[in-house]
Amino acid sequence: MKIRGGIAMAAVAGLLLLAGCGGAAATTATGTLNPVQITEYEGQKLDAVEDFRENSLHGPQQVDTAAYRLKISGLVETPQEFTYDELLQLPAYQKVVTLDCVEGWSVTVLWEGARIADMLADAGVAAEANTVIFHAYDGYTSSLPLDYLLENDILLAYKQNGNALAPERGYPLQLVAESRWGYKWVKWVTEIELSSDPEYKGYWEKRGFSNDGSLDQSYRENDYPGPMPGF
Ligand SMILES: Nc1nc2c(c(=O)[nH]1)N[C@H]1C(S)=C(S)[C@@H](COP(=O)(O)O)O[C@H]1N2
Ligand SMILES: [Mo]
C-alpha cells in the first residue's frame, strides 16, 4: 500500500511537471491553468472525471476553502478540526477505485487523499465507537463501520486523476467507499462523527437502501416494501 502510494506520487509529480511545461500557453487572464488528467495508471486505463453523473440531492455545492473545516466529533476524547491545507499535509495515498451507482453506471479513476485512520489519530476514539457517520455540506449523511474504514485504509479523497475535486464532484472531500454502493461515497464531507449505533441510517438508508451497502449484495433492503424512491 505504501509502496504503491510512493510510485503513484512519482507519477503525479511527473504529470505536474508536464502541466508546468504547458503552463504558459494554458494560462488564462485569471492565472488558472488547464488541468492535465491522468488517463492511465500502472497499465490500467482510467475513465475521465467527466464520466461521473451528477445526481446529488441538492445539486453541486460551493464550499469556501478559507471557511472550510473538517470536524471529528462524537465519541472521541478530543474533538478535532482540520483546515483544507492541514488535510493536504497528512500522508497522501493513491488508489484506483471504481464507483458504482445503483442507477447502473460506474466510473474508475485514480483517487488521492488521506486515510480516515490518520484523521482519527489524535482524536482518542472511545472504545464503544463502532460506527462512523459522515455529514455533508448539503445535509446528506451516510454511515459505515469503523473497522471497515480502518482495516481497508479507506481514504477521504481531495483529488481525482491528479486534479483537485471539482465542486460537483464533492470538493473539498469525497469518501472513497470502495466495495460499497455509490450512496456510501459521501461528497462535500464536513464532519466525521464517531458513534456506537450500527443501526444509524443515512439519507438513502432511511428510504430502503441497504445499510451495509456492499457491492456484492442488492442495494435494496430485503424488508423494504414499496418501489425504490428516486429511480
Ligand atoms: N453529499 C452528498 N454526497 C453524495 C450524494 C449526495 O446527494 N450528496 N449522492 C451519492 C450518490 S447516490 C452517488 S452514486 C455518488 C455519485 O458521485 P458523483 O456525483 O461524483 O458521480 O455520490 C454520493 N454522495
Ligand atoms: Mo448513487
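A look at the sheet that holds strand β12 (residues 189-195)
So, step 1. In space, the 5 strands of this open sheet follow the order β4-β3-β12-β7-β8, with mixed pairing throughout. Bordering the open sheet on either side are β4 (80-82) and β8 (141-145), each of which pairs with just one other strand. Across the sheet, the axes of successive neighbouring strands diverge by a mean angle of 20°, strand direction being ignored.
So, step 2. Sheet analysis places strand β7 (residues 131-136) next to β12, joined by 6 bridges and oriented antiparallel. Residue pairing for β12: Phe 134 is matched across the bridge by Ile 192.

Concerning the site of ligand 1
So, step 1. Around ligand 1, the structure places 19 residues, and the nearest of them are Arg 53, Asp 138, Arg 169, Trp 185 and Lys 187.
So, step 2. Here Asp 138 contributes a side-chain N or O atom positioned 2.8 Å from a nitrogen atom of ligand 1.
So, step 3. A distance of 2.8 Å is found between an oxygen atom of ligand 1 and a side-chain nitrogen or oxygen belonging to Arg 169.
So, step 4. In isolation ligand 1 has 530 Å² of accessible area, and contact with the protein removes 98% of it.
So, step 5. Among the residues forming the shell around ligand 1, the class breakdown is 11 nonpolar, 3 polar and 5 charged.

Topic: the nonpolar core
So, step 1. In this structure, Leu 70, Ile 72, Met 119, Phe 134, Leu 156, Ile 192 and Leu 194 are the most contacted members of the largest nonpolar core, which totals 54 residues.
So, step 2. The contact partners of Ile 192, leaving out residues within four places of it in the chain, are Leu 70, Lys 71, Ile 72, Ser 73, Met 119, Leu 120, Val 132, Ile 133, Phe 134 and Leu 156.
So, step 3. Membership of the second largest hydrophobic core comes to 5 residues, among which are Ile 38, Tyr 41, Leu 46 and Val 96.

Analysis parameters
- Residues numbered from 1 in each chain as written.
- Chains lettered and ligands numbered in written order.
- Predicted model: local features only at pLDDT ≥ 70, side-chain atom pairs only at ≥ 80, totals over all residues.
- Heavy atoms only, no water.
- Pairing = 2+ DSSP bridges.
- Helix = DSSP H or I, 4+ residues; strand = E, 2+ residues; numbered from the N terminus.
- Axes fitted to C-alpha atoms, helices over the stretch in contact; angles between N-to-C directions.
- Near = heavy atom within 4 Å.
- Polar contact = N/O pair within 3.5 Å; in protein donor to acceptor, adjacent residues only side chain to side chain.
- Areas by Shrake-Rupley, 256 points an atom, 1.4 Å probe, with all protein chains shown as cover.
- Nonpolar A, V, L, I, M, F, W, Y, C, P; charged D, E, K, R; others polar.
- Core = buried A, V, L, I, M, F, W, Y, C linked by side-chain atoms within 4.5 Å.
- Buried < 20%, exposed > 50% of the residue type's maximum accessible area, 1.4 Å probe, protein only.
- Contact = heavy atoms within 4.5 Å.

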